[in-house]
Amino acid sequence: MKNKILVIEGDEAIHELIKIFLSQLDVEIYSVFNGEDGISKYQEFMKKGEKIDLVITSYNLPDLNGVEVTRRILDINERAIILAFTASLDSELSEEFRKAGAKMVLSKVDGFSELKEKVEKILN
Amino acid sequence: MRIRLKTLIIVGGAVIVLGFIIYGVSQTVLIKGFLEIEEQMIEKDVRRAVNSLYDDIYVIDSTNYDWSAWDDTYEFIQDRNEEYIESNLINDTFVTIGVNVMLYFNSSGDLVFGKAVDIENGTEVEITEELLDYIEENEFLLNHQNVEDNISGIILLTEMPAIISSRPILTSEDEGPIRGALIMIRYIDEEEIEKLSQLTQLSIEILRYNETEFPEEEISVEPINEDYIVGYGIIPDIHGKPSLVIKVNEKRDIYQQGKTTLYYYGLSIISLGLLMAIAMVILLDKSIVSRLVKLNDNVKKIEESGDVSKRIEVQGNDEIAYLAKGINDMLESLEKSEQKIKDALNEEREFKRKTAHYFFNPICIAKGFLKIAQEEGDLKYIEKAIKAVDRIEKVVKNIVTKGEISEE
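How each quantity is defined
Residues numbered from 1 in each chain as written. Chains lettered and ligands numbered in written order. Predicted model: local features only at pLDDT ≥ 70, side-chain atom pairs only at ≥ 80, totals over all residues. Heavy atoms only, no water. Helix = DSSP H or I, 4+ residues; strand = E, 2+ residues; numbered from the N terminus. Buried < 20%, exposed > 50% of the residue type's maximum accessible area, 1.4 Å probe, protein only. Contact = heavy atoms within 4.5 Å. Buried area = accessible area lost by both parts, 1.4 Å probe. Salt bridge = Lys/Arg side-chain N within 4 Å of Asp/Glu carboxyl O. Polar contact = N/O pair within 3.5 Å; in protein donor to acceptor, adjacent residues only side chain to side chain. Axes fitted to C-alpha atoms, helices over the stretch in contact; angles between N-to-C directions. Parallel < 35°, antiparallel > 145°, perpendicular 65-115°, else oblique. Left-handed = near helix turned anticlockwise from the far one by under 90°.

> Looking at this structure, how should I read the environment of Lys 380 of chain B?
All names here are of chain B. Within the secondary structure, Lys 380 sits in helix H9 (residues 379-402). According to the relative accessible area criterion, Lys 380 is partly exposed, its value standing at 43%. Each C-alpha atom of the pair Lys 380 and Leu 370 lies 9.9 Å from the other, and the pair is ten residues apart in sequence.

Encoded structure:
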């Protein structure tokens with residue numbers, strides 16, 4: 001059974017790149033473009049009794065910020081695994097994500113290859 | 001050091017010092033006062049004792065006057081009749097009038113009659129040679145110049161001092177011519193001193209002036225120790241020279257009373273001082289110290305919490321209340337400043353995050369597509385990369401032209 005990854009990201013091009021890079025892994029990717037949709041999607045999977053193996057979220061979303069999204073998903077499922085994929089190099093923001101419960105914080109500057117490696121590591 | 005302890009030390013110290021000063025001054029004033037009263041009382045007693053002796057001299061002299069200015073005596077000195085002797089100069093007469101010796105001298109200075117009686121047991125005794133020699137040596141005792149002339153006072157004899165009175169022998173009408181002198185002697189013996197003591201209710205001793213060292217003053221007082229004091233009164237002899245000293249011994253009741261008074265006074269000062277100190281400490285604590293301590297605790301709590309939005313409770317309308325209000329004003333200023341700093345930091349953070357979002361997002365998109373294009377050789381990814389670069393260009397343009405970060 002393929003691992004399910006929920007990507008919450010406001011930028012369409014980044015969604016496309018994530019899909020391209022992660023397509024080499026045996027995963028199913030679900031893309032949403034804002035925070036509320038992402039939370040609803042996660043809840044929807046939970047209700048169906050299906051498991052989202054990894055949530056990748058950006059910080060700057062059209063409605064909420066990624067820290068808030070992280071907190072609310074963990075309220076739904078405290079065992080949820082969340083990877084923050086953010087453009088910011090701000091250590092304070094990394095700390096905010098970690099405090100909210102994110103398992104890993106990765107900068108977009110590190111590139112999509114790095115993202116692929118981290119995802120692979122988390123899923124394994 | 002804690003302010004409470006400081007207050008206690010300052011108030012306690014001040015009360016102790018004040019207590020010592022008050023007690024010291026009071027001790028000087030009180031004891032001095034009691035000593036003065038004591039001295040005055042002893043002086044008064046000594047005068048009383050001296051006066052009682054002078055009273056005795058006066059009594060002997062008065063008796064002598066009764067006898068010397070009397071027709072019977074006036075006749076007797078001339079005819080020396082036995083009847084006079086048998087009627088008047090019997091032993092009981094001496095005892096009754098309290099005279100030890102009576103000497104009748106005629107105008108030539110010859111002793112016409114003389115008799116001495118021990119008035120204690122009423123028996124006749126011999127007239128001492130020393131007494132007769134003394135009178136002979138002091139002729140003025142016999143040579144009265146006029147009818148009013150008289151001599152009385154103290155004489156010092158070897159055995160004991162004595163009261164002497166010498167008066168001219170006159171008629172009952174106090175007229176002359178003077179037929180001689182009548183001398184009466186009263187020895188100042190133990191009985192006489194005992195009589196003086198009982199009369200004055202004082203412990204009296206009579207000493208010879210030349211046998212001991214005494215102060216020069218007519219009346220003087222000298223404490224012996226803490227319990228006894230003596231007073232001295234000097235009595236001159238018939239020559240006007242100091243002859244006898246009346247010594248009055250007394251217990252120092254007034255001085256002891258003064259010490260007792262001072263003791264209770266000291267106790268009162270200590271008790272009042274303690275009460276005052278306790279009251280002052282309580283009042284100071286209630287009105288100042290506890291409020292300062294509370295103020296300090298509140299400031300400390302705010303300092304420890306770092307929460308400058310907290311405020312201190314303001315009580316009263318005095319300097320401490322003004323201080324609390326001042327601290328609250330300061331906290332308000334700090335809170336505002338802190339908020340401004342927070343706002344500025346938030347703005348800066350948001351700016352940095354927006355900058356990162358609008359620049360790094362397209363950059364990493366461009367890089368991502370370029371990498372794929374490089375790997376797969378597909379030109380469509382280069383176009384996507386160029387689009388991402390265009391986005392960056394737009395952001396830069398907005399910053400330069402509009403002064404805002406956006407892709408719109």
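Moving on from the coordinates now.
> What is the right way to read the interface of chain B and chain A from this model?
Accessible area lost when the parts come together is the quantity often used to give the size of an interface. Counting residues at the interface gives 17 residues for chain B and 21 residues for chain A. When the two sides are added together, the surface that chain B and chain A hide from each other amounts to roughly 1,700 Å², 58% of it contributed by carbon and sulfur. The largest contributions to the chain B side of the interface with chain A come from Arg 353, Phe 360 and Cys 364 of chain B, which together make up 33% of the buried area. In this assembly, chain B and chain A are joined by five salt bridges. Salt-bridge contacts for Arg 391 of chain B lead to Asp 11 of chain A; the nearest nitrogen and oxygen are separated by 2.3 Å. For the pair chain B and chain A, the interface holds eight residue pairs in polar contact (both at pLDDT 80 or more). Of all the secondary structure elements, the ones that give two or more residues to the side of chain B that touches chain A are helix H8 (319-376) and H9 of chain B.

> What is the right way to look at the packing of helix H2 (residues 35-47) of chain A against helix H3 (residues 66-76) of chain A in this model?
Packed helices, taken two at a time, are described by the angle their axes make and the gap between the axes. Residue and element names in this part refer to chain A. Where H2 meets H3, the axes come as close as 10 Å, and the angle between the chain directions of the two elements is 15°. In terms of orientation, H2 and H3 fall into the roughly parallel class. Both H2 and H3 take part in a crossing whose hand is right-handed. Residues Gly 35, Glu 36, Ile 39, Tyr 42, Gln 43 and Met 46 of H2 form the contact with H3, whose participating residues are Val 69, Arg 72, Ile 73 and Ile 76.

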